[in-house]
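Coordinate analysis (summary)
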Amino acid sequence: MKIKKAIFPVAGLGTRFLPATKAMPKEMLPVVDKPLIQYAVEEALSSGIEQLIFVTGGGKGALENHFDRSFQLEETLRQRKKLEVLREIECLVPESGTIIYTRQSEPLGLGHAIWCARDVVGDEPFAVLLADDLIQSETPVLHQMVKEFDRLRASTVAVIEVPREETSRYGILDADNPADMTFRIKGMVEKPPTEEAPSNLAVIGRYILTPRIFEILGEQGKGAGGEIQLTDAMSQLLTKQPIFGYRFEGTRFDCGDKAGFQMANLAFALEHPEIKDTLSSYIKEKLC
Ligand code: G1P
């Protein structure tokens, strides 16, 4: 079955980026010249996704406006003959009806956010993209995962190795053959302290899940941080269906973290034709 729907949980408060995120959704923070959410949406669309499901919360209106037409702006760009930017602005608006917004009325965690989209997704496998995890790669990571899903016909999560002292920031996996590119997961635990972590293999914000997860999420109690955790529901799902870890090709930046966000800006800027030369001369000058 084709993966046609993707959930974007975008209800988080972004407290780590205050005051920048006081009146602006954290997903609108720009990496070079594009907001984080646009990278995630473009990744999904170029991976064959046809329906984008945003799980939003209060104060997220800018996200809806970003993916909608802005007639005044378009008209001004047209009058000023800024046709290239105009085309870009027009292209980023998905076809009407492609984006669906549903609201998470309480901040009960990632698992709860996914559950909020259950009726929109229905009875088919779907993707989840966390915009905070920005990945620079030749082939979009979700596209790589969709191909794996086609082969395995089972839930698949993106995985990287993290330093052992950072396990308490991630969903951490237990597996028998974790060195393989794709491996079967035996267990998962959300944000374990280093001494309790079964490995240093961390789940990154790209998931392909079967709809069975919704039933489990509906009954899932609170876990780490007092929130309903997707990782806890997946560890239940594991007892009923296989789930695979997938070591993707690409570099992941943690844009939920100030340092990671700056690194992403640097990495993407150094690939950007307009600014890469100016920036690399500046860096060389600063470092010498
Ligand atoms: C979420 C998930 C966690 C995963 C991480 C990846 O955590 O709960 O399992 O490893 O995303 O970025 P968060 O970063 O929202 O706290």
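Up top is the structure these notes are about.
Residues numbered from 1 in each chain as written. Predicted model: local features only at pLDDT ≥ 70, side-chain atom pairs only at ≥ 80, totals over all residues. Heavy atoms only, no water.

Overview of the overall build of the protein
Heads up, the rule is: Every helix listed is a DSSP run of H or I at least four residues long, and every strand listed is a run of E at least two residues long, numbered separately from the N terminus. Note on method: radius of gyration uses C-alpha positions; expected globular size equals 2.2 Å times residues raised to 0.38. With a 1.4 Å probe rolled over the protein chains alone, any residue whose accessible area is under 20% of its type maximum counts as buried; one over 50% counts as exposed, and the rest are partly exposed. Any two residues having at least one pair of non-hydrogen atoms within 4.5 Å are treated as being in contact.
Looking only at helices and strands, one finds eleven helices and 13 strands in the protein. Relative to the compact-globule value of 19 Å for 288 residues, the protein shows a C-alpha radius of gyration of 19 Å, a close match. Dimensions of the protein along its principal axes, counting C-alpha atoms only, are 60 × 50 × 40 Å. The proportion of buried residues among the 288 residues of the protein is 50%. Sequence-distant contacts, at least 24 apart, represent 76% of the contacts inside the protein between residues at least 6 apart.

Points about helix α8 (residues 212-219)
How we decide: Our arc is simply the arc of the directions from the helix axis toward the C-beta atoms.
Burial in α8 covers these residues: I213, F214, I216 and L217. End-on, the buried residues of α8 take up no more than an arc of 165°, which puts them together on one face. Opposite the buried face of α8, at more than 90 degrees from it, the exposed residues are E215 and E219. Turning to α8, the residues buried within the fold contact β1 (5-9), α5 (110-115), α6 (118-121), β6 (126-129), β11 (201-209) and α9 (230-237).

Regarding the site of the ligand
To keep things clear, this is the line we draw: Here a residue counts as near a molecule or strand whenever at least one of its heavy atoms sits within 4 Å of it. We define a polar contact as two N or O atoms separated by no more than 3.5 Å, with the added condition that, inside protein, one atom must be a possible hydrogen donor and the other a possible acceptor, whereas residues neighbouring each other in sequence contribute only through side-chain atom pairs. Per-residue accessibility takes into account occlusion by the displayed protein chains alone, with areas from the Shrake-Rupley method and a 1.4 Å probe. A cavity here means a set of 1 Å grid points, computed over protein atoms only, where a 1.4 Å probe fits but cannot escape. A pocket is an open set with protein on both sides within 12 Å along at least 5 of 7 lines, and lining residues have an atom within 4 Å of a point. Just a note on the criterion: a molecule sits in a pocket or cavity if more than half of its atoms are within 2 Å of the grid points. Lys, Arg, Asp and Glu make up the charged group, whereas Ala, Val, Leu, Ile, Met, Phe, Trp, Tyr, Cys and Pro make up the nonpolar group; the residues left over, Gly among them, are polar.
Contacts to the ligand come from 13 residues, most closely from D133, G171, E190, K191 and V203. A distance of 2.7 Å is found between an oxygen atom of the ligand and a side-chain nitrogen or oxygen belonging to K191. The side chain of T231 places a nitrogen or oxygen atom 3.2 Å from an oxygen atom of the ligand. If the ligand stood free it would expose 380 Å²; the protein chains cover 79% of that surface. The pocket occupied by the ligand, as judged from atoms lying within 2 Å of grid points, is the largest pocket. Class assignment for the residues of the shell around the ligand results in five nonpolar, four polar and four charged.

Points about the packing of aromatic side chains
Stated precisely, the cut-off is as follows: Between 30 and 60 degrees the pair is tilted, below 30 it is stacked and above 60 it is edge-to-face, where a pair is any two Phe, Tyr or Trp rings, Trp via its six-membered ring, whose centres lie within 6.5 Å. Two conditions define a charge located above a ring, namely a distance within 6 Å from the ring centre to NZ of Lys or CZ of Arg, and an angle within 35 degrees of the ring normal.
The final tally for this structure, using the stated rule, is seven aromatic pairs. Taken together, a centroid distance of 5.2 Å and an interplanar angle of 45° make the contact between F8 and F54 tilted. Within this pair, whereas F8 is found in strand β1, its partner F54 is found in strand β4 (residues 51-56), the two being separated by 46 residues in sequence. Overall, F8 belongs to the buried group, its relative accessible area being 0%. Judged by centre distance (5.2 Å) and plane angle (70°), the ring pair of Y39 and F268 falls under edge-to-face. Note that Y39 is positioned in helix α1 (residues 36-45) and F268 in helix α10 (residues 258-269), a separation of 229 residues in sequence. Given a relative accessible area of 12%, Y39 falls into the buried group. A network of ring pairs unites the aromatic residues F8, F54, F67 and Y101 as a single cluster. Directly above the ring of Y39 sits K34, whose terminal nitrogen or CZ lies 4.7 Å from the centroid. It is R118 that lies over the ring of W115; its NZ or CZ is 3.7 Å from the centre.

A short note on unusual backbone geometry
With an omega of 5°, the peptide bond running from L18 to P19 counts as cis. Locating P19 in the fold gives a position in the loop between β1 and β2 (30-31). Even without being glycine, V32 reaches a positive phi, approximately 60°. Its place among the elements puts V32 in the loop between β2 and β3 (34-35). The class for V32 is partly exposed, based on a relative accessible area of 27%.

Focus on a negative patch on the surface
Just so we agree on the cut-off: The patches described consist of residues with a relative accessible area above 30% and no salt bridge, like charges being joined within 9 Å and nonpolar side chains (Val, Leu, Ile, Met, Phe, Trp, Tyr) within 5 Å. Salt bridge, as applied in this entry: a Lys or Arg side-chain nitrogen positioned within 4 Å of an Asp or Glu carboxyl oxygen. We score Asp and Glu as negative and Lys and Arg as positive, and we do not count His or the chain ends. Positions of charges follow a simple convention, taking NZ of Lys, CZ of Arg, CG of Asp or CD of Glu.
Taken together, the side chains of D33, E84, E88 and E274 define an acidic patch exposed on the protein surface. For E274, the location among the structural elements is in the loop between α10 and α11 (276-287). Taking the relative accessible area as the measure of exposure, E274 reaches 68% and is therefore exposed.

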